[in-house]
Amino acid sequence: DLGGYPHYMAKEIQEQPESVERMIRGRLDDRFGVARLDGLNLTPRELRGFSRVKILGCGSAYYVGQIGATMIEELARIPADAEAASEFRYRNPIIEADTLYIAVSQSGETIDTAFAVEEIKRKGGRVVGLVNVVGSTIARACEGGVYLHAGPEIAVASTKALTNMAVGFALIALSLGRVRDLSNADGRRIIDAIRALPGQIKTILDAEPEIAEHAKTVAAAQSLFFVGRVRGFPVAREGAQKFKEISYRHAEAYQTSELKHGPLALIDESLPTVAVVPSDELTDRNLAAVQQIKARGGAVLAVTHEDVDFGELDVPRIVVPRTEPELDPILLTVPLQLLAYHAALSLGYDIDKPRNLAKSVTVE
Ligand code: BG6
């Protein structure tokens, strides 16, 4: 049931404030500044025993996994990384007993991710799931997990499930952090920020008409870059992925820091860049990169915070509310969903069922 929306993607984007509410309901403990994730089936002692985290997923779930890895490194100070499950399963990975493996999947049926889970289990690794569909293959195969409670997601391009995955990683990062060096006060700082997310997402969604205008402008280009660094890089990757999936435009993501090492050669009037420029410790570096793109005739659309000062630079902006810096990627990703949606809409493509793609790839 489309409930009055023109597409499932539009409906699912708008559902995000409630869907995040469901994700966090009953899981935040203010008194101790911790997340309650009983489904993980891990004692504090077990959580404390992991010295590494490896996150596995495919497509957008992999990019959100990268967002999660950064959060875990920042909040828990444990080495964490994400890898495409589709690669992991084919490369004879080294499975370690003190690594926490996290499988991420909306459907819980993606065969590459399910196979990675089996391989980890076969070799004695501990794997938990961050899954939306209750009772799905991956949810059943994992030894514990956190359900996303995003509700059914129909559009091939994932939106609300991804946002709940990112929030799920914030909760897991909090759990891993609070059995280590993250203080009660810092835990509560993160909890307060998580609780504010639904309202902040609503604010972003209210800017839809403005984002739709930006989308029409960028959709005119045949090819575009999405750039971000550190926290912003997986945001750029997911932004580019969503854009190419439904608008069929060539969209490529780079680390902003890498532009000068190659891709800058492609910048001219015909190739616009969507730049993720949050207000954080790297703002100055990001602004310097924007300046370099502009100096070569490239147009820039910034996804940024109110207090970032672009000075003389003529840069249209999509402004996102600030949260705690560690959680910025959760909110920065949301306007990029709307950007992709409106680009595809203005180009007249089939938004919910893009060509050549399936909602979940369950066969070899
Ligand atoms: C791809 C879908 O095949 O699988 C993507 O087209 C999705 O939209 C990815 O993100 C992973 O799917 P899932 O269900 O494992 O999250």
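This is a predicted model, so every value here is computed, not measured.

Trainee: Give a detailed account of the site of the ligand, specifying residues and quantitative values.
Mentor: Cys58, Ser60, Ala61, Ser105, Gln106, Ser107, Thr110, Val156, Ala358, Lys359 and Val361 make up every residue found near the ligand. Residue Ser60 places a main-chain N or O atom 3.4 Å away from an oxygen atom belonging to the ligand. At 2.6 Å from an oxygen atom of the ligand is found a side-chain nitrogen or oxygen belonging to Ser105. When the residues that make up the shell around the ligand are grouped by side-chain class, the tally is 5 nonpolar, 5 polar and 1 charged.

Trainee: Give a description of the packing of aromatic side chains that names residues and reports values.
Mentor: Counted by the stated rule, this structure contains 4 aromatic pairs. Measuring from ring centre to ring centre gives 5.7 Å for Phe226 and Phe243, while their planes differ by 55°; the resulting arrangement is tilted. Separated by 17 residues along the polypeptide, Phe226 in strand E8 (residues 223-228) and Phe243 in helix H11 (residues 232-247) bring together distant segments of the chain. Summarising the burial analysis for this pair, Phe226 and Phe243 share the class buried. Directly above the ring of Phe115 sits Arg89, whose terminal nitrogen or CZ lies 4.1 Å from the centroid. When the ring centre of Tyr248 is taken as reference, the NZ or CZ atom of Arg355 above it lies at 3.8 Å.

Trainee: Outline helix H10 (residues 208-219), supporting the account with residue identities and numerical values.
Mentor: The terminal C-alpha atoms of H10 lie 16 Å apart, and with 12 residues this matches the ideal 16 Å at 1.5 Å per residue to within 8%. Among the residues of H10, those classed as buried are Glu208, Ile211, Ala212, His214, Ala215, Val218 and Ala219. Buried positions in H10, seen along its axis, are confined to an arc of 165° and lie on one side of it. For H10, exposure combined with an orientation more than 90 degrees from the buried face picks out Pro209 and Thr217.

Trainee: Talk me through the environment of Ser60; I want residue IDs and the actual numbers.
Mentor: With respect to the element layout, Ser60 can be found in helix H4 (residues 60-76). Owing to a relative accessible area of 9%, Ser60 belongs among the buried residues under this scheme. Separated by 44 residues in sequence, Ser60 and Val104 place their C-alpha atoms 9.7 Å apart. Excluding its chain neighbours within four sequence positions, the residues that come into contact with Ser60 are Leu162, Glu238, Gln241, Lys242 and Glu245. A distance of 2.8 Å separates a polar atom in the side chain of Ser60 from a polar atom in the side chain of Glu238.

Reading the values: the criteria
Residues numbered from 1 in each chain as written. Predicted model: local features only at pLDDT ≥ 70, side-chain atom pairs only at ≥ 80, totals over all residues. Heavy atoms only, no water. Near = heavy atom within 4 Å. Polar contact = N/O pair within 3.5 Å; in protein donor to acceptor, adjacent residues only side chain to side chain. Nonpolar A, V, L, I, M, F, W, Y, C, P; charged D, E, K, R; others polar. Phe/Tyr/Trp six-rings, centres within 6.5 Å; stacked < 30°, edge-to-face > 60°. Helix = DSSP H or I, 4+ residues; strand = E, 2+ residues; numbered from the N terminus. Buried < 20%, exposed > 50% of the residue type's maximum accessible area, 1.4 Å probe, protein only. Lys NZ or Arg CZ within 6 Å of the ring centre and 35° of its normal. Expected span 1.5 Å × (residues − 1). Arc of directions from axis to C-beta. Contact = heavy atoms within 4.5 Å.

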